[in-house]
Amino acid sequence: MSLISGWGRFPKAECKIVSARTQADVEAAIATAALIARGNGRAYGDAAMNRGQTLAMTGMDRMLSFEDGVLVAEAGVLLADIIHTLLPRGWFPMVTPGTKYVSLGGAIAADVHGKNHHLDGSFRSCVDWVDVMGPDGTVTRATPGDDLFDWTLGGMGLTGVILRAQIRLRKVETMYIAQETRALTSLQDTLDAFAETQDAPYSVAWIDCSDGPHHGHTLLLLGRHATLEDLPSRWRPFDVRQKRKLPVPFGAPPFLFRGLWLRALTGIYWRRGAKRAGHALVDWDSYFYPLDALSNWNRLYGRNGFLQFQCALPEEASAAGLAELMDTIAASQTGSVLSVLKRFGSQSGHFSFPMPGYTLALDFPASERSLELMSRLDEITLAHGGRFYLAKDARMPEAVAKADPRAKAYAAMRKQAGLTDRFTSMQSERLGL
Ligand SMILES: Cc1cc2nc3c(=O)[nH]c(=O)nc-3n(C[C@H](O)[C@H](O)[C@H](O)COP(=O)(O)OP(=O)(O)OC[C@H]3O[C@@H](n4cnc5c(N)ncnc54)[C@H](O)[C@@H]3O)c2cc1C
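The shown structure was predicted, so the numbers you read here are calculated from the model rather than taken from an experiment.

(A) A look at the packing of aromatic side chains. Counted under the stated rule, the structure contains 16 aromatic pairs. Seen from their ring centres, Phe-353 and Tyr-389 are 4.5 Å apart, and the 15 degrees between their planes marks the pair as stacked. With Phe-353 in the loop between strand S19 (339-344) and strand S20 (357-365) and Tyr-389 in the loop between strand S21 (387-388) and helix H11 (398-402), this residue pair connects regions lying 36 residues apart in the sequence. In terms of burial, Phe-353 and Tyr-389 fall into one category: buried. Through pairs of rings, three or more aromatic residues link up here, namely Phe-92, Tyr-202, Trp-284, Tyr-287, Phe-288 and Tyr-289. Positioned above the aromatic ring of Tyr-287 is the side chain of Lys-115, whose terminal nitrogen or guanidinium carbon lies 5.7 Å from the ring centre. The residue whose ring lies beneath Arg-141 is Trp-129, and the NZ or CZ to ring-centre distance is 3.5 Å.

(B) How the structure looks around helix H1 (residues 23-32). All buried positions along H1 are accounted for by Val-26, Ala-29 and Ile-30. Burial along H1 is one-sided: seen end-on, the buried residues are contained in an arc of 100 degrees. Exposed and facing more than 90 degrees away from the buried side of H1 are Ala-24, Ala-31 and Thr-32. Summarising the contacts, the buried residues of H1 are in contact with strand S5 (54-56), strand S9 (127-133) and strand S11 (161-171).

(C) Focus on the sheet that holds strand S3 (residues 17-19). Strand order in the open sheet formed by three strands is S3-S5-S4, with parallel pairing between adjacent strands. In the strand order of this sheet, the two ends are held by S3 and strand S4 (36-38), each with one partner. For this sheet the average axis-to-axis angle between neighbouring strands, irrespective of direction, equals 35 degrees. Pairing of S3 with S5 involves three bridges; the strand directions are parallel. Paired with Val-18 across the bridge in S5 is Leu-55.

(D) Broad picture of the sheet that holds strand S14 (residues 218-225). Pairing is antiparallel across the open sheet formed by eight strands, whose spatial order is S16-S12-S14-S13-S19-S20-S18-S21. Taken across any chain shown, the strands that pair with only one partner, and hence form the sheet edges, are strand S16 (278-283) and S21.

(E) Examining the site of the ligand more closely. What surrounds the ligand is a group of 35 residues, the closest being Ala-37, Gly-39, Arg-42, Ser-103 and Tyr-389. Taking Ser-103, its side chain carries an N or O atom lying 2.6 Å from an oxygen atom of the ligand. Backbone polar atom of Ile-162 to a nitrogen atom of the ligand: 2.8 Å apart, as the coordinates give it. Surface burial for the ligand is 98%, taken as the share of its 950 Å² of free accessible area covered by protein chains. At the level of elements, S4, helix H3 (104-109) and S11 are the ones that each hand at least two residues to the shell around the ligand.

(F) Focus on the pairing of S19. Of all six residues making up S19, six are buried, and the element is well covered by its neighbours. With burial as the criterion, each face of S19 is covered, one bearing Ser-339, Leu-341 and Arg-343 and the other bearing Val-340, Lys-342 and Phe-344. For strand S13 (residues 202-207) and S19, the ladder comprises three bridges, and the chain directions are antiparallel. Considered in S19, the bridge of Trp-206 is made with Val-340. As judged from the five bridges shared by S19 and S20, these two strands associate in the antiparallel manner. Each bridged residue has a counterpart across the sheet, and for Lys-342 the counterpart in S20 is Thr-359.

(G) Just empty space enclosed by the protein, in detail. For the coordinates displayed, the defined rule picks out five cavities of 30 Å³ or more. Each pocket or cavity is described by its volume, and for the largest cavity that value is around 170 Å³. Lining the largest cavity are 19 residues, and of these Phe-351, Phe-388, Leu-390, Asp-404 and Arg-406 lie nearest its centre. Within the residue set of the lining of the largest cavity, elements represented by two or more residues are S21, H11 and helix H12 (405-416). Across the lining of the largest cavity, the residue classes break down as 14 nonpolar, two polar and three charged. There is about 50 Å³ of room inside the second largest cavity. Trp-206, Ile-207, Asp-208, His-217, Thr-266, Tyr-269, Trp-270, Val-337, Leu-338 and Ser-339 are the residues that line the second largest cavity. Of all the secondary structure elements, the ones that give two or more residues to the lining of the second largest cavity are S13 and helix H7 (259-275). Residue contributions to the lining of the second largest cavity peak at three residues, all from H7. Looking at the lining of the second largest cavity residue by residue, the class counts come to six nonpolar, three polar and one charged.

(H) Focus on unusual backbone geometry. Note the cis peptide between Phe-10 and Pro-11, where omega equals -5 degrees. Structurally, the position occupied by Pro-11 is in the loop between strand S1 (2-5) and strand S2 (12-15). Positive phi is not limited to glycine here, since Asp-68 has a value of about 50 degrees. Following the sequence through the fold, Asp-68 ends up in the loop between strand S6 (63-67) and strand S7 (70-74). Backbone geometry at Met-156 places phi at a positive 55 degrees, although glycine is not the residue there. For Met-156, a relative accessible area of 10% translates into the label buried.

The rules behind these values
Residues numbered from 1 in each chain as written. Predicted model: local features only at pLDDT ≥ 70, side-chain atom pairs only at ≥ 80, totals over all residues. Heavy atoms only, no water. Phe/Tyr/Trp six-rings, centres within 6.5 Å; stacked < 30°, edge-to-face > 60°. Helix = DSSP H or I, 4+ residues; strand = E, 2+ residues; numbered from the N terminus. Buried < 20%, exposed > 50% of the residue type's maximum accessible area, 1.4 Å probe, protein only. Lys NZ or Arg CZ within 6 Å of the ring centre and 35° of its normal. Arc of directions from axis to C-beta. Contact = heavy atoms within 4.5 Å. Pairing = 2+ DSSP bridges. Axes fitted to C-alpha atoms, helices over the stretch in contact; angles between N-to-C directions. Near = heavy atom within 4 Å. Polar contact = N/O pair within 3.5 Å; in protein donor to acceptor, adjacent residues only side chain to side chain. Areas by Shrake-Rupley, 256 points an atom, 1.4 Å probe, with all protein chains shown as cover. 1 Å grid on protein atoms, 1.4 Å probe; cavity = no way out; pocket = protein on both sides within 12 Å on 5 of 7 lines; lining within 4 Å. Points joined across faces, edges and corners; volume = space filled by probe spheres on them. Nonpolar A, V, L, I, M, F, W, Y, C, P; charged D, E, K, R; others polar.

By themselves, these are just geometric observations and shouldn't be taken as functional.
Quick look at the structure:
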C-alpha cells in the first residue's frame, strides 16, 4: 500500500498501486479486482485513486508511430515527452492543458481543454481513435461518433483502461508564441476584451477575485504561434531545451492566502504584469506552462494541501454568474492568488466538462473555511446553469454532481454495461457515478 493523493495533496489515502508495462498487465489487473487507471497524478483530487487497486499507466509510455503529424502512442506517454520529441520537427499538440506533465490517457479521460477551446474545442478534436480495455479484457477501438468514444472522452477513466490512441498534432514554424498582454481593471472590461479578441488563437486571463468584479484586475494574455517572419534574424526557430526548475521546498505561511495579505500579493502580481503589457515573443514553455517552472508548486499551500474550484458557466449567464462568484470570494477574504478565466466555445460529447461560455478556476487552501465557501460557490454556479470540472474536484457532494443532468445518464450507462463493479475511483464512489 502507498499513501497517495492527486496534485492538490487532498485527500490522501493508502492505495494498492499496480504498475502496467504491457497490455497483458492491464488485462491481469482487470481480472484481479476493481480498479482505476492513473496517469501522472495531475488531476487535483481523488479521480485517479482506488484503495483496492490503482493501475499506474506511466510505464506504458511508448510512441509507436509518427507520420505527417499523426502520432500513435501508448496512454502513459507524457505530453512533455511528445513535445520534446516532436516540437524540434515542427509539431505541437493541438490542445494542451496548463501543465505538460499529463499523460495521453489522462488528457483523453478528462477531455482536457486549453487556451484555444473557443476555436478548437477540447482534446477530443485531435483524437482519431482510442483503444479501450473493457471489464472482460476485450479491447475496443472507439472512433468519433461511437458511444464508447463519447463516454470515454471526459469519462474520467470509468469506461475502461485506455491503452493507446492516435492523435493529430499541429504544424508550427517556430517554438515561439507572439503574445499580447492587456491589463484590465474590471470583470466587464475583461469580458468585453474576450469578446473583441475572439479570433485570437489562444487566450487566457489571470483575474484577481480578491477585490470583487468592479475592481477585478486582470491580465489578459492573447497568443498565436509565431512564424519564421516574426523572429529576429539571429533566433533559431526551435531550441527545445529542458529548463531548470525552481524548487518549492515548503509551504507559504497560511496568512498569505487571506485578507490584506492576499490583496497585496494579487496587487503586486497585476502591477508587475501591467508594466509589461503589450507585444512580446515568448517561448512555448513560458506561454503554455508557466506553473511547470516551479517543481512541486503544489507544496506552496502547506501540509494540508489545497482544493481547486473550477466551474463552467453558459454564455448568457456568464456575466451575472461570474460577478456573483467574485463578490462572494472577495467577501470571504480567502482564496487563490491567481484565478484563471478562459472562454469556451462549442463542445460535443456525453460527459465532457466545457460548455459555450466561460470557465473560472481558483485555488483554496484545504480548510473548513474553504469548504464552506466552495459550497456557496457551488450554489451560485448551479443557479446560473453551470457545471463543475471533475479533474479538479476533490470534495463535491453527490447531490451537486447529480445536479448535472448528464451524471445520471452516465451512472445508468455504467451500470447497464457492467462497468460499475470493475472501474471505480474514490471520486466515482463519492459522486455516485
Ligand atoms: C498545473 C495544472 C494545470 C492544469 N491545467 C488544466 C487546463 O488548463 N485544462 C484542463 O483541462 N485541465 C488542466 N489540468 C488538469 C489535468 O489536465 C487533468 O487532470 C489531466 O487529466 C491529468 O492527467 P494525468 O495523466 O496526470 O491523469 P491522472 O491525474 O493520473 O488521472 C486523471 C483522470 O484520467 C484517468 N486516466 C488516466 N490515465 C488513464 C488511462 N490510461 N485509461 C483510463 N483513464 C485514465 C484517471 O482515471 C483519472 O480519472 C491542470 C492540472 C495541473 C496540475
